[in-house]
Amino acid sequence: MAEKSAIETSQHLTFTLGKEVFALDIASVREVLELTAITKIPRTPDFMRGVINLRGHAVPVMDLRLKFGMPKAETTVDTCIIIVEVDFEGDRIIMGGMVDSVREVFELPADRIESAPRMGTSISTEYIKGIGKQDDVFIIILDIGRIFSAAELALAREAQKDAA
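Quick caveat, the model's predicted, so the values are computed rather than measured.

Undergrad: Got a minute to help me understand the pairing of strand E5 (residues 57-63) in this structure?
TA: Here E5 lies mainly inside the structure; six of its seven residues are buried. Bridge count for strand E4 (residues 48-54) against E5 is six bridges, and the pairing is antiparallel. Note that in E5 the partner of asparagine 53 across the bridge is alanine 58. Both E5 and strand E7 (residues 91-99) contribute to a ladder of three bridges, which runs parallel. Residue methionine 62 lies in a different strand from E7, and its bridge partner there is glycine 97.

In structure tokens form, the structure reads like this:
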């Protein structure tokens, strides 16, 4: 029996921060929301914008621009919150990432994803799973499990509990 060599393909949700295009594995994305009222939580880092009410549950929202050291931007009609799941100490933390705009879901074969470059991006390469290309645009594929430190995820978990 002959074995078929299958090229693994993954789906990614693309979004923008400034002029750069980023992507998250669709398996970690729960939904995309329009920007809604965010309740600020005192004594949290600047990138932690606060919590939103998502169907009766408090969900912490992080501004990915600020997390990545980019300047804060004015919100627009395109500003969205991407709701993701992150594994942390046996828990699944539900949190939101505020982005400038969401573009689309696209498929990318694993053999077309290059390893993270050592320089040339505005964010730390420890967050980057790889670099893909769609048409003539480079897409920075993020590793959602590495974007936030253990302390930041613990803070998000506490924010969920405190606001509930």
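Undergrad: Just to check I follow, could you spell out the environment of arginine 30 for this structure?
TA: You can see arginine 30 is positioned in strand E3 (residues 29-34). The contacts of arginine 30, once residues within four sequence positions are left out, are Ile83, Val84, Glu85 and Ile94. Side chain to side chain, arginine 30 and glutamate 85 meet in a polar contact 3.0 Å long.

Undergrad: It is not clear to me how the side chain of histidine 12 should be interpreted in this structure. Could you clarify?
TA: Among the secondary structure elements, histidine 12 is positioned in strand E1 (residues 9-17). Since its relative accessible area comes to 2%, histidine 12 is described here as buried. In this structure, histidine 12 is in contact with Ala23, Leu24, Asp25, Ile26, Glu104, Val105, Phe106, Leu108, Ile113 and Ile141, ignoring residues within four places of it in sequence.

Undergrad: I tried to follow the sheet that holds E3 on my own but got confused; where do I start?
TA: Across the sheet, which stays open at both edges, the five strands sit in the order E3-E6-E7-E5-E4 with mixed pairing between neighbours. Two strands close off the open sheet at either side, each with one partner strand: E3 and E4. Neighbouring strand axes in the sheet, compared pairwise and without regard to direction, differ in orientation by 35° on average. Pairing of E3 with strand E6 (residues 80-88), which is carried by five bridges, proceeds in the antiparallel orientation. When the bridges of E6 are listed, glutamate 31 appears paired with isoleucine 83.

Undergrad: Looking at this model, I keep getting lost on the nonpolar core. Mind explaining?
TA: The tendency in soluble globular proteins is for nonpolar side chains to be buried side by side. If you look at the biggest cluster of nonpolar residues, it comprises 34 residues, and the most contacted ones within it are Phe15, Met95 and Leu142. Per-element accounting of this core gives the leading share, five residues, to E6. Residues within four places of phenylalanine 15 in sequence aside, it is in contact with Glu20, Val21, Phe22, Ala23, Leu24, Leu64, Ile82, Val99, Ser101, Val102, Arg103 and Leu142. In this structure, Leu33, Val61, Ile83 and Met98 belong to the second largest nonpolar core, which totals nine residues.

Undergrad: How should the confidence of the model for the chain be read in this particular structure?
TA: Low pLDDT marks stretches whose predicted atomic positions should not be read closely. A residue-level look at the chain finds 87% of positions with pLDDT of 70 or above and a mean pLDDT of 84. Averaged over each element, pLDDT in the chain is lowest for helix H3 (residues 150-163) (72) and highest for E3 (96).

Rules used throughout
Every chain is numbered independently, its residues counted from 1 as its sequence is written. Side-chain atom pairs in this predicted model are given and counted only at pLDDT of 80 or more, local residue features only at pLDDT of at least 70, and totals for whole chains, interfaces and linings cover all residues. In computing side-chain properties, one takes all heavy atoms of the structure into account and sets aside hydrogens as well as water. When a residue's accessible area, from a 1.4 Å probe over protein chains only, is under 20% of the maximum for its type it is buried; when over 50% it is exposed; and in between it is partly exposed. Helix and strand labels come from DSSP, where a helix needs a run of H or I of at least four residues and a strand needs a run of E of at least two; each type is numbered from the N terminus. Pairs of strands are assigned from DSSP output, requiring at least two bridges between the strands. Contacts between residues were defined by any pair of non-hydrogen atoms, one from each residue, lying within 4.5 Å. Residues adjacent in sequence count toward polar contacts only when both atoms are side-chain atoms; beyond that, a polar contact is any pair of N or O atoms within 3.5 Å, and within protein one must be able to donate a hydrogen and the other to accept it. Geometry is summarised by axes, namely lines fitted to C-alpha atoms with helices restricted to the contacting stretch, and by angles between N-to-C directions that run from 0 to 180 degrees. The definition of a nonpolar core used throughout is a set of buried Ala, Val, Leu, Ile, Met, Phe, Trp, Tyr and Cys residues joined through side-chain atoms within 4.5 Å. The predictor reports its confidence for every residue as pLDDT, a score running from 0 up to 100.

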